[in-house]
Amino acid sequence: MSRFKSVVPALLLVCALPVMAQQKKAVVDQFSGAGYGLAGCGLGSILFGPKPGMVQVPSATTNGTYGNQTFGISSGTSNCDIPRMGQTAAVYLESNKEVVMKDASRGEGETLANLALLYNCKDTALFSQKVQSNYRTIFGTTDSYEQSRQMLNTIKSDSELSQACKI
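Parameters and conventions
Residues numbered from 1 in each chain as written. Predicted model: local features only at pLDDT ≥ 70, side-chain atom pairs only at ≥ 80, totals over all residues. Heavy atoms only, no water. Helix = DSSP H or I, 4+ residues; strand = E, 2+ residues; numbered from the N terminus. Buried < 20%, exposed > 50% of the residue type's maximum accessible area, 1.4 Å probe, protein only. Contact = heavy atoms within 4.5 Å. Areas by Shrake-Rupley, 256 points an atom, 1.4 Å probe, with all protein chains shown as cover. Patch = residues over 30% accessible without salt bridge, like charges linked within 9 Å, V, L, I, M, F, W, Y side chains within 5 Å. Salt bridge = Lys/Arg side-chain N within 4 Å of Asp/Glu carboxyl O. Disulfide = S-S within 2.5 Å. Phe/Tyr/Trp six-rings, centres within 6.5 Å; stacked < 30°, edge-to-face > 60°. Arc of directions from axis to C-beta. pLDDT = per-residue confidence, 0-100.

Caption draft 1: The arrangement of the overall build of the protein in detail. For the protein, the count of helices and strands is 11 helices and 0 strands. Every one of the 167 residues in the protein was classed for burial, and the buried ones make up 38%. In the protein, once contacts between residues fewer than 6 apart in sequence are set aside, the share between residues at least 24 apart is 54%. Of the accessible surface of the protein, which amounts to about 9700 Å², a share of 60% is contributed by carbon and sulfur atoms.

What follows is the structure, encoded as structure tokens:
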């Protein structure tokens, strides 16, 4: 039994090293603005990153256990720098990336109309036109959260669009 007790920590360490290396990379990714996964923003997003799958479980647990997600949302820290509508839009962008990009390049389409609704834009035609004219800026990155940030920046920087969209 004592032999077993000394083997278990060694096995755990060997199994944990690749995960720890991924977590370290995720922290670096987060400081470069790589977004977050379905678990949302907070300390968990900084530690575990935006990777899909089961890694979002410990991320959500970390966010919930320490209550830092609520603080991050209130203060705009801990990777919680875009409003809730931007987060929802980022998830929508990630799920529909190819179709959104195609519609955005044409300046029309159902996915752009849906995004306009997510950003509380009443004038979907104007929203679609502005997304098309800012296509390179918005879709210059593959990260959905950065694309959402760029859409928010487009809305805020355009006086006509900011009037049509209530952020």
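Caption draft 2: Spatial organisation of a nonpolar patch on the surface. On the surface, a nonpolar cluster with roughly 290 Å² of combined accessible area is contributed by Leu43, Leu47 and Tyr66. Relative to the helices and strands, Tyr66 is located in helix α3 (residues 56–66).

Caption draft 3: Up close: unusual backbone geometry. One non-glycine residue, Asn120, lies in positive phi territory at about 60 degrees. Inspection of the secondary structure assignment puts Asn120 in the loop between α7 (110–118) and α8 (124–133). Taking relative accessible area as the criterion, Asn120 reaches 37% and is therefore assigned partly exposed.

Caption draft 4: Quick look at the state of the cysteines. Per the stated rule, a full pass over the model turns up 1 disulfide. The disulfide that involves Cys121 links it to Cys165, with 1.8 Å between the sulfurs. Judged by the sign of its S-S torsion, about 105 degrees, the bond between Cys121 and Cys165 is right-handed. Of this pair, Cys121 sits in the loop between α7 and α8 while Cys165 sits in the segment after α11 (159–164); the two residues are 44 residues apart in sequence, bridging distant segments of the chain.

Caption draft 5: Representation of the packing of aromatic side chains in the model. In this structure the tally under the stated criterion is 2 aromatic pairs. On the basis of an interplanar angle of 40 degrees and a centroid distance of 4.9 Å, the ring pair of Tyr135 and Phe139 is categorised as tilted. A relative accessible area of 25% places Tyr135 in the partly exposed class.

Caption draft 6: Looking closely at the side chain of Gln147. Its location among the elements puts Gln147 in helix α10 (residues 144–157). Among residues more than four places away in sequence, those in contact with Gln147 are Leu93, Lys97, Ile138, Phe139, Thr141 and Thr142.

Caption draft 7: Just helix α6 (residues 97–106), in detail. Those residues of α6 lying buried are Val100, Asp103 and Ala104. What you see down the axis of α6 is that its buried residues fit within an arc of 100 degrees, all on one side. In α6, the exposed positions that point more than 90 degrees away from the buried face belong to Glu98 and Lys102. One or two steps after α6, the chain reaches Gly107, where phi turns positive at roughly 80 degrees.

Caption draft 8: The pattern of salt bridges, seen in detail. Following the criterion strictly, the structure yields 5 salt bridges and no others. As a salt-bridge pair, Asp158 and Lys130 come within 3.0 Å of each other at their nearest N and O atoms. In this pair, Asp158 is assigned in the loop between α10 and α11 and Lys130 in helix α8, connecting sequence segments 28 residues apart. Of the two residues examined, Asp158 and Lys130, each falls in the buried class. Residue Arg149 is joined to Glu146 by a salt bridge in which the shortest nitrogen-to-oxygen separation is 3.6 Å.

Caption draft 9: View of the confidence of the model for the protein. For the protein, per-residue confidence averages 76 on the pLDDT scale, and 68% of positions sit at 70 or higher. The lowest-confidence element of the protein is helix α1 (residues 2–31), averaging 45 in pLDDT; the highest-confidence one is α8, averaging 96.

Caption draft 10: Quick peek at the side chain of Thr154. Following the sequence through the fold, Thr154 ends up in helix α10. A relative accessible area of 9% places Thr154 in the buried class.

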